Structures are given as structure tokens and as C-alpha cells.
Amino acid sequence: MKILEVKALVIPDIKVIKFGRFNDERGYFTETFRNSDFQKLDFMKDVRFLQCNEGYSRAGTVRGFHFQWNPYMGKLVRVLYGRMVDLVLDIRKGSPNFGRIIAYDMPSKPEDDHNDWIWVPPGFAHGVIVMEESLVEYFCSGEYSPGCEASISPVAPDIDWSLCDQKLKKTYDSIVPKTKLITDKDKNGYSIKAWKESKDSDNFIYGKC
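My aim in this report is to walk through the structure given alongside it, one point at a time. (Residues numbered from 1 in each chain as written. Predicted model: local features only at pLDDT ≥ 70, side-chain atom pairs only at ≥ 80, totals over all residues. Heavy atoms only, no water.)

## Concerning the packing of aromatic side chains
Stage number 1. Within the structure shown, the criterion is met by 15 aromatic pairs.
Stage number 2. Measuring from ring centre to ring centre gives 5.6 Å for phenylalanine 67 and phenylalanine 204, while their planes differ by 85 degrees; the resulting arrangement is edge-to-face. One end of the pair, phenylalanine 67, is in strand β6 (residues 62-68); the other, phenylalanine 204, is in the segment after α4 (192-197), and 137 residues separate them in sequence.
Stage number 3. Residue classification places phenylalanine 67 among the buried positions, given a relative accessible area of 6%.
Stage number 4. Given the relative accessible area of 1%, phenylalanine 204 is considered buried.
Stage number 5. Within the aromatic cluster, the residues linked to one another by ring pairs are Phe19, Phe33, Phe38, Phe49, Trp117, Trp119 and Phe139.
Stage number 6. When the ring centre of tryptophan 117 is taken as origin, the NZ or CZ atom of arginine 78, which lies over that ring, is 5.4 Å away.
Stage number 7. The cationic tip of lysine 169 hangs over the ring face of tryptophan 161; the distance from NZ or CZ to the ring centre is 4.9 Å. (Phe/Tyr/Trp six-rings, centres within 6.5 Å; stacked < 30°, edge-to-face > 60°. Helix = DSSP H or I, 4+ residues; strand = E, 2+ residues; numbered from the N terminus. Buried < 20%, exposed > 50% of the residue type's maximum accessible area, 1.4 Å probe, protein only. Lys NZ or Arg CZ within 6 Å of the ring centre and 35° of its normal.)

The structure is reproduced here in C-alpha cells:
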């Protein structure tokens, strides 16, 4: 696997892993994942992936902000084609960034000479805004556990956007209020205040999850 760059985002637990593609007149070839290479990354050395998901979304789709416990589920996410804005929200009680969200733009075209993974560890809620028709792949460090999942509403008024790239926040504001491509379940998720008061939030204590 040709890892070009590994960088931490403004919340340093969130990492982006950029890897190369080998392009020629026929198209491209790439290794998207090699376990031995990921094991060399300090933040991935204890992670084992147990489930792989694929999601297709139309332009204007909003998903999130989802998370799970018992077992915890970290997510390694990439766009196979299309473009989405990835959104990551800190839900760890006691964290200095509790309630804060960040965004990362993830376009992907066949002619690009690289692609990105974004690593969202346990303790964070994950969501996306889909900018154009997109196909997305998720490697998950825990298997899906019905009854041990929840979400923060993408329209929750008390999300702290102070760390978010303002251009991406404007993109969010231009799509979320008017889109019809969001489920009622997601829209009716917790606010930050309601999540903090929920007994389930005790599963996400800073430094313990």
C-alpha cells in the first residue's frame, strides 16, 4: 500500500490517511488497505476490522450523526467515487471538545492520483453531507449491535461549530435546512444537551472509550 501522508485534523483523534493510485492510459490500480501497513500507524496498531459496509447516496443526502457502543465501533471511511463532506462530532463526556464538530471535504474521481481514508474512532458521532452522487466504503472495528446505537440530530441547535472550516459550514447550511433526503430518525436524534443527560452517554467517558 502506498501511504503518501497521515495527518491529524483539528481534533487530533481524527486522522486522514492519504494513499496513492497508479494511473495510466487504462485507468488506475491501487491497494486501498494492507493490514501490515496500518499496523505501523500508532493510532491503528490495536484496531481490528470486523465489518465492511458500502453506501450509495444521491446528491443532497444527509446522514448522521451515528455512533454505537457494546461493542464500540470505529469507522475507517473513504469515497470510491463522488464527493461528500465528512462530519465528526465529539460525544465524549469530559472531553475538552465535547459537543464540537469538524468537517472534511472528500472528493473522489477516477483520474485522481490518490484517495483518502478518514479514521473516526469510538467516542465520536459520524455523519455526511453528500455533494454529488457518491459511493462510500466503511471498515468498522465493531459489528453492528441493534439496541446499542444512537444519533445526534444534524439540526441540533447546540452543536458547537467553532472548530469547523467555515466554507464547509456554509455548505452544510445551504443543504441541511432544505433537503428531503434525511430520515426522520436522524432528524429526531439527540441534541447535545439531551445526549449529555441520557444514561447512555455514560458509555462515552473521555479517556475510557
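## Some points on the side chain of arginine 78
Stage number 1. In this structure, arginine 78 sits in strand β7 (residues 75-90).
Stage number 2. Engagement of the side chain of arginine 78 in a polar contact is seen with the side chain of asparagine 115, the distance being 3.2 Å.
Stage number 3. At a separation of 2.9 Å, a polar atom in the side chain of arginine 78 contacts the side chain of glutamate 137.
Stage number 4. Aside from chain neighbours lying at most four places away, what touches arginine 78 is Phe19, Thr32, Met106, Asn115, Asp116, Trp117, Leu135, Val136 and Glu137. (Polar contact = N/O pair within 3.5 Å; in protein donor to acceptor, adjacent residues only side chain to side chain. Contact = heavy atoms within 4.5 Å.)

## Concerning the side chain of lysine 169
Stage number 1. Locating lysine 169 in the fold gives a position in helix α2 (residues 166-175).
Stage number 2. Within the structure, the side chain of lysine 169 is placed 2.8 Å from the side chain of aspartate 173, a separation counted as a polar contact.
Stage number 3. If we skip the residues at most four places from it in the chain, lysine 169 touches Trp161 and Cys164.

## Description of the nonpolar core
Stage number 1. Phe65, Phe67, Leu87, Leu89, Ile91, Ile152 and Ile159 are the most contacted members of the largest nonpolar core, which has 28 residues in total.
Stage number 2. Leave out the neighbours within four places in its chain, and phenylalanine 67 touches Ile91, Phe124, Ala125, Cys148, Glu149, Ala150, Ser151, Ile152, Trp195 and Phe204.
Stage number 3. If you look at the next biggest cluster of nonpolar residues, it comprises 20 residues, including Ile14, Val88, Phe124 and Val128. (Core = buried A, V, L, I, M, F, W, Y, C linked by side-chain atoms within 4.5 Å.)

## Here's the deal with the pattern of salt bridges
Stage number 1. Scanning all chains against the criterion turns up 16 salt bridges.
Stage number 2. Of the charged contacts in the structure, one is a salt bridge between arginine 26 and aspartate 24, with a shortest N-O distance of 2.5 Å.
Stage number 3. For aspartate 24, a relative accessible area of 33% translates into the label partly exposed.
Stage number 4. Where lysine 199 meets aspartate 200, a salt bridge forms, and the shortest distance between an N and an O atom there is 3.6 Å.
Stage number 5. By relative accessible area, lysine 199 is classed as exposed at 67%.
Stage number 6. When salt bridges that share partners are traced, they join Glu31, Arg34, Asp37 and Lys40 into one network. (Salt bridge = Lys/Arg side-chain N within 4 Å of Asp/Glu carboxyl O.)

## With respect to the state of the cysteines
Stage number 1. A complete count under the given rule lists zero disulfides for this structure.
Stage number 2. Lacking any disulfide linkage, cysteine 52 is separated from the closest cysteine sulfur, that of cysteine 140, by 7.4 Å.
Stage number 3. Here cysteine 52 falls in the partly exposed class, since its relative accessible area comes to 46%. (Disulfide = S-S within 2.5 Å.)

## Let's talk about α2
Stage number 1. Those residues of α2 that sit buried are Leu168, Lys169, Thr171, Tyr172 and Ile175. For α2, the buried positions fall inside an angular range of 155 degrees around the axis, keeping them on one side. Residues of α2 that are exposed and angled more than 90 degrees away from the buried face: Lys167 and Lys170.
Stage number 2. Contact partners of the buried residues in α2: β6, β7, β8 (101-108) and β10 (124-140).
Stage number 3. N-capping of α2 is provided by aspartate 165, with a side-chain oxygen placed 2.8 Å from the backbone N of lysine 167. (Arc of directions from axis to C-beta.)

Just distances and angles here, no functional claims.
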